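# Geometric and topological summary
So you can see what is in the structure, the chains are spelled out below.
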Amino acid sequence: MAKTARAHTNIALIKYWGKRDQDLILPYTDSLSLTLDEFYTTTTVQFDDQLTEDRIVIDHQDMPLANMGKVVTVLDRVRELAGITTPAHVISENHVPMAAGLASSASAMAALAGAASRAAGLDLSLTDLSRLARRGSGSASRSIFGGLVQWRRGNDDVTSYAEPILEQVDFGLEMLAIMINQDQKKVSSRGGMQLSVDTSPYFAMWPNVVEQDLTAMQQAIAEQDVATIGQIAEANAMRMHALTLSANPPFSYFEPATMTAIQAIQNLREQGLTCYYTMDAGPNVKVIYDRAHRDEIIAGLAPIFGQDQLVVAQPGPGITWLEEDL
Ligand code: PMV
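Definitions and limits used
- Residues numbered from 1 in each chain as written.
- Predicted model: local features only at pLDDT ≥ 70, side-chain atom pairs only at ≥ 80, totals over all residues.
- Helix = DSSP H or I, 4+ residues; strand = E, 2+ residues; numbered from the N terminus.
- Expected span 1.5 Å × (residues − 1).
- Buried ≥ 20, exposed ≤ 12 C-beta atoms within 10 Å, placed from the backbone.
- Arc of directions from axis to C-beta.
- Domains from an automatic or database assignment.
- Contact = placed C-beta atoms within 7 Å.
- Nonpolar A, V, L, I, M, F, W, Y, C, P; charged D, E, K, R; others polar.
- Axes fitted to C-alpha atoms, helices over the stretch in contact; angles between N-to-C directions.
- Parallel < 35°, antiparallel > 145°, perpendicular 65-115°, else oblique.
- Left-handed = near helix turned anticlockwise from the far one by under 90°.
- Near = placed C-beta within 6 Å.
- Pairing = 2+ DSSP bridges.

### Focus on helix H7 (residues 256–270)
Along an α-helix, a turn takes 3.6 residues, which lines up residues three or four apart on a common side. In this model, H7 (15 residues) spans 21 Å end to end at C-alpha, consistent with the 21 Å of a helix rising 1.5 Å per residue. Within H7 the residues assigned to the buried category are Thr-258, Ala-261, Ala-264, Ile-265 and Leu-268. All buried residues of H7 project into a common sector of 125° when viewed along the axis, lining one side. Of the exposed residues in H7, those oriented more than 90 degrees away from the buried face are Pro-256, Met-259, Gln-263 and Glu-270.

### Brief notes about unusual backbone geometry
Note on backbone geometry: most residues besides glycine have negative phi, and most peptide bonds are trans. Residue Pro-249 is bonded to the preceding Asn-248 through a cis peptide linkage, with omega at 0°. Within the secondary structure layout, Pro-249 lies in the loop between helix H6 (226–245) and H7. The backbone phi angle of Ile-25 is positive, close to 55°, even though this residue is not glycine. Mapped onto the elements, Ile-25 comes out in the loop between strand S2 (19–21) and strand S3 (26–27).

### Structural notes on the domain arrangement of the chain
The domains assigned to the chain are domain 1 (3–169) and domain 2 (173–313). Look at where the C-alpha atoms of domain 1 and domain 2 centre, and you get two points 23 Å apart. Every contact between the two is made by 26 residues of domain 1 and, on the other side, 30 residues of domain 2. Secondary structure elements with two or more residues in the side of domain 1 that touches domain 2: strand S1 (3–14), strand S4 (31–47) and strand S9 (161–166). Considering each element in turn, the side of domain 1 that touches domain 2 owes the most residues, six residues, to S4. The residue makeup of the side of domain 1 that touches domain 2, split by class, is 19 nonpolar, two polar and five charged.

### Considerations on the packing of helix H2 (residues 104–119) against helix H3 (residues 126–136)
Between H2 and H3, the least distance of the axes is 8 Å, while the angle of their chain directions is 125°. One way to sum up the angle between H2 and H3 is to call them oblique. As H2 packs across H3, the resulting crossing turns out to be right-handed. The residues of H3 that touch H2, namely those facing Met-109, Ala-110, Leu-112, Ala-113, Gly-114 and Ser-117, are Leu-129, Leu-132, Ala-133 and Gly-136.

### A look at the packing of helix H1 (residues 69–82) against H3
Packing of H1 against H3 brings their axes to within 7 Å, and their N-to-C directions diverge by 145°. Taking contact as the criterion, the partners of Lys-70, Val-71, Thr-73, Val-74 and Arg-77 in H1 are, on H3, Leu-132, Arg-135 and Gly-136. Here the residues of the contact of H1 with H3 sort into three nonpolar, two polar and three charged.

### Quick notes on the site of the ligand
Around the ligand, a shell composed of 13 residues is seen, among which Ala-12, Tyr-16, Ser-139, Ser-189 and Asp-280 lie nearest. Looking at which domains feed residues into the shell around the ligand, each of domain 1 (3–169) and domain 2 (173–313) supplies at least three.

### Points about the sheet that holds strand S11 (residues 275–279)
Pairing is antiparallel across the open sheet formed by four strands, whose spatial order is S11-S12-S10-S13. At either margin of the open sheet sits one strand with a lone partner, and together these are S11 and strand S13 (310–313). Here the strands of the sheet are splayed against their neighbours by 25° on average, with no regard to which way each runs. Along the sheet face, H7 touches strand S10 (173–178), S11 and strand S12 (285–290) and points at about 160° away from the line of S11. Most of the contacts of helix H8 (residues 294–305) go to S13, to which it runs at about 155°, and overall it touches S10, S11, S12 and S13.

### Notes on the pairing of S4
S4 sits mainly inside the fold: 15 of its 17 residues count as buried. Where S1 and S4 come together, 10 bridges link them in antiparallel fashion. By the bridge assignment, His-8 is partnered in S4 with Tyr-40. As judged from the four bridges shared by S4 and strand S8 (residues 148–152), these two strands associate in the antiparallel manner. Bridge pairing in S8 places Leu-32 opposite Gln-150. Inspection of the sheet shows S4 paired to strand S7 (residues 88–95) by eight bridges, in the antiparallel sense. Directly across from Gln-46, in S7, lies its bridge partner His-89.

Now the structure itself:
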């Protein structure tokens, strides 16, 4: 039977950057994220005896299987758990404001884990779903849950999974995405983090940095202190990006407009607004801010980027299953 699941993307406040085990996707460190309501993936999976191989349709396009390694990895793991060899028909739709993803692999792999496991007749716990989604994409382990979520790095496949630390985030924490460039990135997160692990002389420090940032972040969350949350997230993101700049060969996900956004946010902050920035493996900037300042922040950014490049997102929910298939 076909099953359909929906999962939302997440943006890390404390970044995951580096794997200890590339096959199982075990990270060097914990990470912590906010799930967002505005960006999500809906996926229907049916295991079908009539097929001779997996068929994967994303945003109405049949995808060449050769490019679908992460999807097939998750499907293979589901087949292994369910004891079947049947090919799967996967239909997936990404709901992002513009073509090409903003952290779409997180929502995609989480929705796939939810739909494929149920389609295969498995009834996995959320913890086991998080472990399954992790096999597709590390950050996807966190998209099983809503709100603020921590991925425990664990020691092995069984102990590396995410758990919610605050599902209802109602103290004014919000994010705004500044859409700078939606083209496919030149250096994948997977390739970029491995190059950092292998060649950055600073990588040895990264696990300690994350541990300190995490402790401070947990404290700030407990105090519902948006300014401190933003401050720590911004510093942690820049420390992550320092691992790309210090790799050999050096690389960066920043584009000129990324720097323009950073400066604009710094200027708004000097004017007394609570706003900070974070970036992932791409040029788009996410603003972390206090909802009370939203209108003024948008008013400050709109002359530079245009309203249509600014997308407000609220804290979002964890995985859900839908009655209607795609
Ligand atoms: O899960 P991946 O392979 O898409 O890597 C995610 C890496 C970052 O987005 C930069 C950080 C994170 O923790 O999400």
